[in-house]
Amino acid sequence: MASENNLVIVESPAKAKTLKKFLGKTYKIEATMGHVRDLPKSELGIDVENDFEPKYITIRGKGEVLAKLRREVKSAKQIYLATDPDREGEAISWHLLYALKLDEDDKRVHRVTFNEITKTAVKKSVKEARQIDMDLVNAQQARRILDRIVGYKISPLLWAKVKKGLSAGRVQSVALKLICDRQTEIDEFIPNEYWSIQADLKTPEGKKLKAKLTGKNGKSIEIKNKEEADAISADLNKNDYVVKDVKKGSRVRNPVPPFTTSTMQQEASKQLNFSSQKTMSVAQQLYEGVNIKGEGTVGLVTYIRTDSVRVADEAYIQTRDFIRDEYGEQYVGERREYKVRAGAQDAHEAIRPSSVLRKPSLVKDSLTNDQFKLYKLIWGRFVASQMPNAVYDTLSIKIANGDYNFSASGSRIKFDGYLLVYKKNAEKAGEKVVEEEIPECSEGSVLKPVKLIPEQHFTQPPARYTEALFIKTLEENGVGRPSTYAPTIGIITARNYVTKENKLFYPTELGIVVNEILKNNFGDIVNVDFTAEMERQLDEVEEGKHEWKQILRDFYPHFKELLDAAMINQSDVTVKEEETDEICEVCGRNMVIKFGRYGKFLACPGFPECRNTKPYYEDAKVKCPKCGGRVLIKKSKKGRIFYGCENNPDCDFISWNKPTGGLCPECGSPLVEKGGKNKKIVCSGSGCEYKKDVEVSEES
């Protein structure tokens with residue numbers, strides 16, 4: 001039996017298991033379980049007086065892991081550091097050198113990276129092993145130290161002026177500012193009234209046609225109020241609707257590029273209702289390897305932290321042949337080269353399946369529900385990106401009523417192209433894939449009026465951020481990098497700076513207070529432009545164009561001045577905690593909502609005299625169908641939401657679906673809501689089939 005004289009070190013056991021399958025018996029694979037060295041938590045850990053020299057220490061709990069690795073290193077013939085192919089992964093490998101007491105010039109030590117964990121990619125990477133890229137390491141060090149300085153220096157200011165436990169951060173504070181600025185725009189928005197007019201018409205053949213008023217005498221028209229709308233409606237009733245122009249044409253709809261980290265998070269949020277953190281967690285599982293029936297452990301997707309839309313030649317060729325075999329020659333388009341966003345890093349490919357031959361249906365039984373949903377999304381997006389355009393036949397009709405101009409337009413799909421694979425996904429994401437078809441008319445024909453519909457509208461304030469829109473905004477403004485979007489959102493939510501209601505972000509009172517302090521004292525640092533410029537400089541460090549410590553030398557003096565001034569000039573601020581109707585059974589005070597490591601909880605405001613606390617549950621705003629008490633929203637140990645009565649255990653009402661508070665008219669069992677956009681009210685009683693539709697608001 002061959003001895004294991006080659007040591008491969010990765011971050012996770014899942015990746016280790018996948019690599020073991022490809023590398024064979026002469027390779028031993030060990031996992032570090034993440035970082036092994038970092039800055040200490042108990043202090044700044046940066047010697048600002050000694051050119052910002054970091055003081056790295058071994059992370060608590062990693063002693064046994066490192067001891068085992070040091071034993072393996074001694075007997076290893078070759079050592080391969082196979083951490084992730086990005087700044088963070090490069091830094092982990094560099095820290096391993098020091099933690100394992102290896103010499104940088106040790107000929108046994110090699111750095112290997114792979115964009116996908118497949119047999120071909122892994123073996124090729126081992127053959128093309130390189131040294132550690134210090135430009136990548138230094139870019140990570142610069143980011144880590146910048147973030148540490150901002151966080152560890154501003155947070156004590158917030159503790160002193162507001163309350164303990166708060167935090168600030170170079171990127172998180174800009175993210176908070178974006179949400180607070182949007183709230184200000186919404187609060188200050190003044191809606192303006194305007195009206196539209198639609199005419200429901202019939203062709204001479206009796207077919208229905210809807211036309212919109214577009215102007216008067218060839219110029220656009222603005223209807224400001226009901227009086228103007230009524231006056232125009234009266235004019236329209238005096239004349240015939242005559243078809244003046246009919247145009248037939250065609251248009252194409254282009255497929256979207258394959259996923260980047262940002263677009264994957266956005267689409268998973270819109271289509272799957274995944275948080276960015278959940279998306280990245282599930283995607284990491286797909287990248288590191290999943291046990292597929294008949295194959296063993298394989299990495300299903302390429303590296304998941306990327307802002308490139310590039311596709312490797314081999315992947316394109318495989319996909320082209322797959323499309324031809326699966327869907328036919330007409331669905332094979334010319335190779336698409338998608339435009340890379342300005343400032344994007346092109347080190348890795350777009351996110352794609354490691355083999356397009358693994359159709360989602362073929363691996364479904366080997367995946368968890370979440371893994372399957374995300375893999376199907378990634379697979380469909382990638383295959384569609386290499387298919388031809390969808391082609392539409394279009395029809396546009398211009399209609400005159402006296403001096404007034406109306407128009408009607410519609411389309412129908414002539415050739416579905418990429419929509420053959422991605423139509424349902426596009427519709428789930430809210431895209432209008434097919435317009436309403438309209439009947440054909442001939443020029444000069446007179447249309448019969450059926451109904452005139454004047455409608456009042458008001459201009460709308462800027463939309464609140466959904467998670468998808470917020471990630472898109474961060475990316476467009478150059479705030480953070482693909483790997484930072486999910487943790488940034490997680491931090492500002494966990495700190496209770498923002499809250500999410502009906503999938504929309506709202507700043508809390510605490511968040512607004514913290515934002516004001518940061519904006520007033522560090523306005524030229526905690527802003528979008530400064531943060532984007534800092535990201536650009538960090539990218540230049542990665543490219544070897546910028547000395548990493550020079551970023552810190554340029555940043556710190558001005559930051560220190562602002563910090564010292566803030567400690568003197570910023571007055572104390574009190575944030576009132578939200579009081580509830582829940583009475584403390586120990587001392588009788590109204591309990592308040594506090595935020596801890598695991599989210600909200602109820603606490604007595606009499607602390608430290610009274611230390612009573614209890615779990616906090618959101619009110620489902622519906623009465624218990626059994627006893628009339630409040631129904632509370634709770635979570636199981638696995639994080640699944642369920643509904644239970646506040647009077648538990650005296651009342652045993654419990655439901656996985658939201659109760660309506662009503663009882664079934666047929667059997668008397670509690671009625672509950674089921675479904676997503678097309679919600680229905682159904683009976684929870686066993687064997688009862690009663691159900692009815694329910695209207696769903698825009699934001700629910």
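Before any of the text, the structure's been laid out above.
Every chain is numbered independently, its residues counted from 1 as its sequence is written. Residues qualify for local features only when their pLDDT is at least 70, as the model is predicted, and side-chain atom pairs are given and counted only at 80 or more; totals for whole chains, interfaces and linings, by contrast, use all residues. Excluded from the side-chain calculations are hydrogens and water; all other atoms, namely the structure's heavy atoms, are used.

Novice: How should the pattern of salt bridges be read in this particular structure?
Specialist: Where side chains of opposite charge bring their charged atoms close, a pairing between them can arise. Every case where a carboxyl oxygen of Asp or Glu lies within 4 Å of a side-chain nitrogen of Lys or Arg is listed as a salt bridge. Summed over the entire model, instances satisfying the criterion amount to 47 salt bridges. With a closest N to O distance of 3.0 Å, K15 and E11 form a salt bridge. Each member of the pair, K15 as well as E11, is classed as buried. Of the charged contacts in the structure, one is a salt bridge between K519 and E516, with a shortest N-O distance of 3.1 Å. Highlighted residues: K519 and E516, both in helix 16 (residues 509-522), separated by three residues, approximately one helical turn. Within this structure, E582, E585, K614, D619, R630 and E646 form a network of salt bridges that share partners. When accessible area is computed with a 1.4 Å probe and restricted to protein chains, residues below 20% of their type maximum are described as buried, those above 50% as exposed, and intermediate ones as partly exposed. Helix numbering and strand numbering both begin at the N terminus, where a helix is a DSSP run of H or I of at least 4 residues and a strand a DSSP run of E of at least 2.

Novice: Before we go on, may I ask you to explain the nonpolar core in this structure?
Specialist: Nonpolar side chains in soluble globular proteins generally cluster together in the buried interior. Buried Ala, Val, Leu, Ile, Met, Phe, Trp, Tyr and Cys residues form a nonpolar core when they are joined through side-chain atoms within 4.5 Å. Core analysis: the biggest nonpolar cluster contains 76 residues, and I154, F470, F522 and F559 have the highest contact counts within it. Tallying contributions element by element places helix 5 (residues 134-161) first for this core, with ten residues. When neighbours within four sequence positions are excluded, F559 is seen to be in contact with I149, V150, K153, I154, F522 and I525. In terms of nonpolar packing, the next biggest core, distinct from the first, is built from 60 residues, A31, F274, Y422 and A486 among them. Pairs of residues are marked as contacts when any of their non-hydrogen atoms sit within 4.5 Å.

Novice: Hey, could you run me through the state of the cysteines in this one?
Specialist: Linking two cysteines covalently via their sulfur atoms produces the bond known as a disulfide. Working definition: a disulfide is two cysteine sulfur atoms within 2.5 Å of each other. Following the criterion strictly, the structure yields zero disulfides and no others. Left unpaired, C624 is separated from the closest cysteine sulfur, that of C651, by 3.7 Å. Lacking any disulfide linkage, C683 is separated from the closest cysteine sulfur, that of C667, by 3.3 Å.

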